[in-house]
Amino acid sequence: MSGSARPDNSLAGAKSSRYSHPMTISGFTLVRNGVKFDYPFMESIQSLFAFCDEVIINVGISEDDTLQRIEAWKASLSQKDASRVTIFTSEWPLNDPAKRQGGQILAEQTNLALKRCKGDWCLYLQADEVLHEKDYDIIRKDIEGIDPVHGVDALIFQYVHFYCGYGVIQTSRSSYRREIRAIRNWKGIWSVGDAQSFRYITGDKIAGVLTDARIFHYGWVRPPEVMKAKTGFMDTLYHAGATADQPATGDNYKYKRFVGLKPFRGTHPAVMQLRVEARTQEGGFDLKSAPWVFERKDLWKILSSFIEVTTGIRPFEFKNYRLMSWGDVRARSKSVARVLKRTT
């Protein structure tokens, strides 16, 4: 956690030497078949819109009214607010076997939106990810804290992964606990792999710092039949030989009980409240009725979780980034301040 280690932003004014305008933040996202696969895409977009100076939305040609819903929302805004929203459509190359490997279509579509961003920093959300309004100030202060510092080009967010319903979270090492979601623009950075993260175009990992701000991830909160359909389609983006009816991951879409599931004790983002209440009234799927699954590898998950809880370290954790400490940022910020002082 960055917490008390976060800089006091006394050097935030240094950013004026970098830009001839106040620092701006672009939000960008992508979605296809958002209605069909029950993505909280409107909530995701609105959580970006409430924070960012502009929002870029890549809408893949869909089989439902995803585009129409986004356009209707934009039309409901004032002329000034609507000018902050850019919507464009794209055709996903689903018939190209070479592209249906490792989810690379997702990265390519993400980069189409990234290229349209005009902000000094870019904040990314996938269609099942939502920002919490309580974290807006944290995000802005942390970006302002690293903005003057050369070589620190990313903000790494904490993840809250929901599973089956809105009252259960997945905390084991089966799910990543942190990931890059804010990047400095114009630095040769792009989305890679299946769009989970970002790298420099050289392939090098990006240096970033950890924020206390959270990404609320609802990718595993859908009715079972929709979860099956969504998983079947997603498998076709990772495995050229897979079909929606015969997913490469078998019955992985089925909800189950396993090591690392815990009750969620916090609050959901305000934009999610209607969705959460509606699902609660519907009853949803009862996780207690799902089978309990325990494998030998879960013993390692239990030990790993114990180490993480007691030390804050997740053993052998893969990171898509180079993690820097806020102490390093403060030291570099002081160097920047000294240089600016000498040149003014």
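Residues numbered from 1 in each chain as written. Predicted model: local features only at pLDDT ≥ 70, side-chain atom pairs only at ≥ 80, totals over all residues. Heavy atoms only, no water.

Some thoughts on the overall build of the protein chain
Summing up its helical and strand segments, the protein chain has 9 helices and 13 strands in all. By the compact-globule yardstick of 20 Å for 344 residues, the protein chain fits well, its C-alpha radius of gyration being 21 Å. Burial statistics for the protein chain: of 344 residues in total, 51% are counted as buried. By sequence separation, contacts in the protein chain at least 24 residues apart represent 80% of the contacts at least 6 residues apart. For the protein chain, the computed accessible surface area is about 16,600 Å², with 55% contributed by carbon and sulfur atoms. Seen as two clouds, the 49 positive and the 39 negative side-chain charges of the protein chain have centres 6 Å apart. (Helix = DSSP H or I, 4+ residues; strand = E, 2+ residues; numbered from the N terminus. Rg over C-alpha atoms; globule rule 2.2 N^0.38 Å. Buried < 20%, exposed > 50% of the residue type's maximum accessible area, 1.4 Å probe, protein only. Contact = heavy atoms within 4.5 Å. Areas by Shrake-Rupley, 256 points an atom, 1.4 Å probe, with all protein chains shown as cover. Lys, Arg positive; Asp, Glu negative; His and termini not counted. Charge placed at Lys NZ, Arg CZ, Asp CG, Glu CD.)

Digging into the packing of helix H1 (residues 41-49) against helix H2 (residues 66-75)
Orientation of H1 relative to H2, taken along the N-to-C sense of each, is 35°, at an axis distance of 11 Å. In the packing of H1 onto H2, the handedness of the crossing is right-handed. Contacts between H1 and H2 pair Phe 41, Met 42, Ile 45, Gln 46 and Phe 49 from the former with Thr 66, Arg 69, Ile 70 and Trp 73 from the latter. Among the residues making up the contact of H1 with H2, the classes are represented as 6 nonpolar, 2 polar and 1 charged. (Axes fitted to C-alpha atoms, helices over the stretch in contact; angles between N-to-C directions. Left-handed = near helix turned anticlockwise from the far one by under 90°. Nonpolar A, V, L, I, M, F, W, Y, C, P; charged D, E, K, R; others polar.)

Concerning the environment of Gly 219
The topology assignment puts Gly 219 in strand E11 (residues 206-220). On the basis of relative accessible area, Gly 219 is assigned to the buried category, the value being 2%. Note: C-alpha distance between Gly 219 and Asp 38 (181 residues apart in sequence) is 9.4 Å. In contact with Gly 219, other than residues within four places in its own chain, are Asp 128, Met 227 and Lys 230.

A word on the packing of aromatic side chains
For the coordinates displayed, the defined rule picks out 17 aromatic pairs. Relative to Phe 264, the ring of Phe 216 has its centre 6.3 Å away and its plane inclined at 85°; by these criteria the two rings are edge-to-face. A residue pair is termed long-range when its members are at least 10 positions apart, and Phe 216 in strand E11 and Phe 264 in the loop between strand E12 (261-263) and helix H7 (273-282) qualify at 48 residues. Of the two residues examined, Phe 216 and Phe 264, each falls in the buried class. Three or more aromatic residues link up through ring pairs in this structure, and these residues are Phe 162, Tyr 166, Phe 216, Tyr 218 and Phe 264. Here the basic side chain of Arg 32 rests over the ring of Trp 92, its NZ or CZ set 5.7 Å away from the ring centre. One Lys or Arg, Arg 116, reaches over the ring of Phe 88 and ends 3.7 Å from the middle of that ring. (Phe/Tyr/Trp six-rings, centres within 6.5 Å; stacked < 30°, edge-to-face > 60°. Lys NZ or Arg CZ within 6 Å of the ring centre and 35° of its normal.)

A word on the nonpolar core
Nonpolar side chains in soluble globular proteins tend to be buried together. If you look at the biggest cluster of nonpolar residues, it comprises 69 residues, and the most contacted ones within it are Phe 28, Leu 123, Leu 131 and Phe 157. If you tally residues by element for this core, the top one is E11, at 6 residues. With 11 residues, the next largest nonpolar core counts Val 160, Tyr 166, Ile 169 and Val 276 among its residues. (Core = buried A, V, L, I, M, F, W, Y, C linked by side-chain atoms within 4.5 Å.)

Here we look at the layout of surface pockets
Sizing a probe to match a water molecule and rolling it over the atoms shows the empty space that remains. In this structure, the largest pocket spans a volume of roughly 1,400 Å³. Lining the largest pocket are 45 residues, and of these Tyr 176, His 217, Trp 220, Lys 230 and Asn 252 sit closest to its centre. Residue assignment for the lining of the largest pocket shows that the elements contributing at least two residues are strand E1 (25-31), strand E6 (154-163), E11, helix H6 (224-238) and helix H8 (298-311). Partitioning the lining of the largest pocket into residue classes produces 20 nonpolar, 12 polar and 13 charged. By volume, the second largest pocket amounts to about 630 Å³. Lining of the second largest pocket is provided by 26 residues; of these, Tyr 159, Thr 171, Arg 177, Glu 308 and Arg 314 occupy positions nearest its centre. Only E6, strand E7 (168-170), E11 and H8 provide two or more residues apiece to the lining of the second largest pocket. Here the lining of the second largest pocket is composed, by residue class, of 9 nonpolar, 9 polar and 8 charged. (1 Å grid on protein atoms, 1.4 Å probe; cavity = no way out; pocket = protein on both sides within 12 Å on 5 of 7 lines; lining within 4 Å. Points joined across faces, edges and corners; volume = space filled by probe spheres on them.)

Looking at unusual backbone geometry
With a phi close to 60°, Trp 186 is a non-glycine residue in the positive phi region. For Trp 186, the position within the fold is in the loop between strand E8 (178-184) and strand E9 (189-192). A positive phi is found at Ala 195, a non-glycine position, where the angle reads about 75°. If you trace the backbone, Ala 195 turns up in the loop between E9 and strand E10 (197-200).

Some words on the pairing of strand E2 (residues 54-60)
Regular strands show a simple pattern: their side chains alternate between the two faces of the sheet. Among the 7 residues that make up E2, 7 are buried, leaving the element largely enclosed by the rest of the structure. Residue alternation in E2 divides its side chains into two sets, Glu 54, Ile 56, Asn 58 and Gly 60 and Val 55, Ile 57 and Val 59, and both sets are buried. Here 6 bridges tie E1 to E2, and the two strands are oriented parallel to one another. Pairing of Phe 28 across the sheet is with Ile 56, part of E2. In this fold, the crossover linking E1 to E2 by way of H1 has right-handed handedness. In this structure, E2 lies alongside strand E3 (residues 85-90), joined through 6 bridges in parallel fashion. (Pairing = 2+ DSSP bridges. Right-handed = clockwise from strand over helix to strand, strands pointing away.)

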